[in-house]
Amino acid sequence: MGTELKGKVALIIGDTGAAGAALAAGLAEAGATVAAVGSAGTQGPAGAAFAAAKLDDRAAVEAAVDGLAAKLGAIDIILLPVVDPAGLIPVVFAELSEEEWLRRCETPLRAIRVAMQAAHRAMKAKGGRVLLLAPTTAMTGADGFAPYTAVAEGARSLAKAAARKWGELGITINCLALTPEQLHPGASVASAPQRTPNAIGHVPDLRTEVAPFIAMLATAPGIVTGTTLIVDGGNLMSI
């Protein structure tokens, strides 16, 4: 059991599945108290305090976050998964209907905006670290996944815009870029093939490697904000 995050509260906002469970376990092992806000009918990571909310409803998400903060204490770290496995279903962009575009792109992006607004509300008094979990395909593109990548790239833009203003409150906002396989363990992923082998020889494990990296960011001086940190093991090396 680590102690880097002892006394700190980490919150995940969004439906994360296996990836969220692994990250939550890693953060708990680093000493953090972990909580989650997810959709009704879902379950939070094992051992985490959980509150349900409609994720694109600002009032509902803010109420859920407020309730968890009242119970656990001020929130220090917030993780926001940008996309979900449903976005991995390929679609022909040239044939995409307006209804389908709204469902697969606009609604998830609205949920990210709502989550970021809830993060600001929770952290404006004392600062904190906000990390968006985005797929590397946001930067490379992937045939058949226009909505999936558009959500991720839109979220990166939101993060940079907010980071410029919220830094004066001590809130840093960065993106962690992971492969779709990291973000959606066990899901069927048909994204573009890797360009080269990973430089470090493997894909970083969420629980034992990515979570400790997040812990390091959470405890280091808040001098990095508005950027994207690639944690795919050295495959994508430029953005």
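Right above here is the structure, for reference.
Conventions and cut-offs
- Residues numbered from 1 in each chain as written.
- Predicted model: local features only at pLDDT ≥ 70, side-chain atom pairs only at ≥ 80, totals over all residues.
- Heavy atoms only, no water.
- Helix = DSSP H or I, 4+ residues; strand = E, 2+ residues; numbered from the N terminus.
- Rg over C-alpha atoms; globule rule 2.2 N^0.38 Å.
- Contact = heavy atoms within 4.5 Å.
- Areas by Shrake-Rupley, 256 points an atom, 1.4 Å probe, with all protein chains shown as cover.
- Lys, Arg positive; Asp, Glu negative; His and termini not counted.
- Charge placed at Lys NZ, Arg CZ, Asp CG, Glu CD.
- Salt bridge = Lys/Arg side-chain N within 4 Å of Asp/Glu carboxyl O.
- Buried < 20%, exposed > 50% of the residue type's maximum accessible area, 1.4 Å probe, protein only.
- Core = buried A, V, L, I, M, F, W, Y, C linked by side-chain atoms within 4.5 Å.
- Phe/Tyr/Trp six-rings, centres within 6.5 Å; stacked < 30°, edge-to-face > 60°.
- Axes fitted to C-alpha atoms, helices over the stretch in contact; angles between N-to-C directions.
- Parallel < 35°, antiparallel > 145°, perpendicular 65-115°, else oblique.
- Left-handed = near helix turned anticlockwise from the far one by under 90°.
- Nonpolar A, V, L, I, M, F, W, Y, C, P; charged D, E, K, R; others polar.

This part is about the overall build of the chain. Counting secondary structure elements, the chain contains seven helices and seven strands. Its helices and strands taken in sequence order, the chain reads β-α-β-β-α-β-α-β-α-α-β-α-α-β from the N to the C terminus. Since a compact globule built from 239 residues should have a radius of gyration of about 18 Å, the 17 Å found for the chain is in line with a globular shape. For the chain, the spread of C-alpha atoms along the three principal axes comes to 45 × 40 × 35 Å. Contacts spanning at least 24 positions in sequence make up 75% of the contacts within the chain whose residues lie at least 6 apart. Of the roughly 11000 Å² that the chain leaves accessible, carbon and sulfur atoms contribute 56%. Computed over 19 positive and 21 negative side-chain charges, the inter-centroid distance for the chain is 9 Å.

For the rest of this paragraph, the subject is the pattern of salt bridges. Counted according to the given criterion, the structure contains 11 salt bridges. With a closest N to O distance of 2.7 Å, Glu100 and Arg103 form a salt bridge. One end of the pair, Glu100, and the other, Arg103, are both in helix H3 (residues 98-123), three residues apart, so they sit about a helical turn from each other. The exposure class assigned to Glu100 is partly exposed, which follows from its relative accessible area of 23%. The residue Arg156 makes a salt bridge to Glu153 at a minimum N-O spacing of 2.9 Å. Taken together, the residues span about one helical turn, with Arg156 and Glu153 both in helix H5 (residues 146-166) at a distance of three residues. What makes Arg156 buried here is its relative accessible area of 10%. Take Glu153: its relative accessible area is 28%, and that puts it in the partly exposed class.

The next thing to look at is the nonpolar core. Counting residues in hydrophobic clusters, the biggest one holds 72 residues, and the most contacted among them are Leu132 and Ile173. In terms of residue count, H3 provides more of this core than any other element does, 10 residues in total. Those residues in contact with Ile173 that sit more than four places away from it in its chain are Met116, Val130, Leu132, Ala159, Ala162, Ala163, Trp166, Thr225, Gly226 and Thr227.

What follows is about the packing of aromatic side chains. The description of an aromatic ring pair rests on the distance of the ring centres and on the angle between the ring planes. Applying the stated criterion across every chain, the model contains two aromatic pairs. On the basis of an interplanar angle of 70° and a centroid distance of 6.4 Å, the ring pair of Phe145 and Tyr148 is categorised as edge-to-face. Taking relative accessible area as the criterion, Tyr148 reaches 3% and is therefore assigned buried.

Bringing the environment of Asp143 into the picture now. Structurally, Asp143 is set in the loop between helix H4 (137-140) and H5. The exposure class assigned to Asp143 is exposed, which follows from its relative accessible area of 79%. Sequence separation between Asp143 and Pro90 is 53 residues, and the spatial gap between their C-alpha atoms is 8.1 Å.

Right, let's talk about the packing of helix H1 (residues 17-29) against helix H7 (residues 206-219) for a bit. It is the contact of H1 with H7, at a shortest axis distance of 8 Å, that shows an interaxial angle of 60°. Taken together, H1 and H7 sit at an angle that is classed as oblique. In the packing of H1 onto H7, the handedness of the crossing is right-handed. Residues Ala19, Ala22, Leu23, Ala25, Gly26, Leu27 and Glu29 of H1 form the contact with H7, whose own contacting residues are Leu206, Arg207, Val210, Ala211 and Ile214. Classifying every residue of the contact of H1 with H7 by side-chain character gives nine nonpolar, one polar and two charged.

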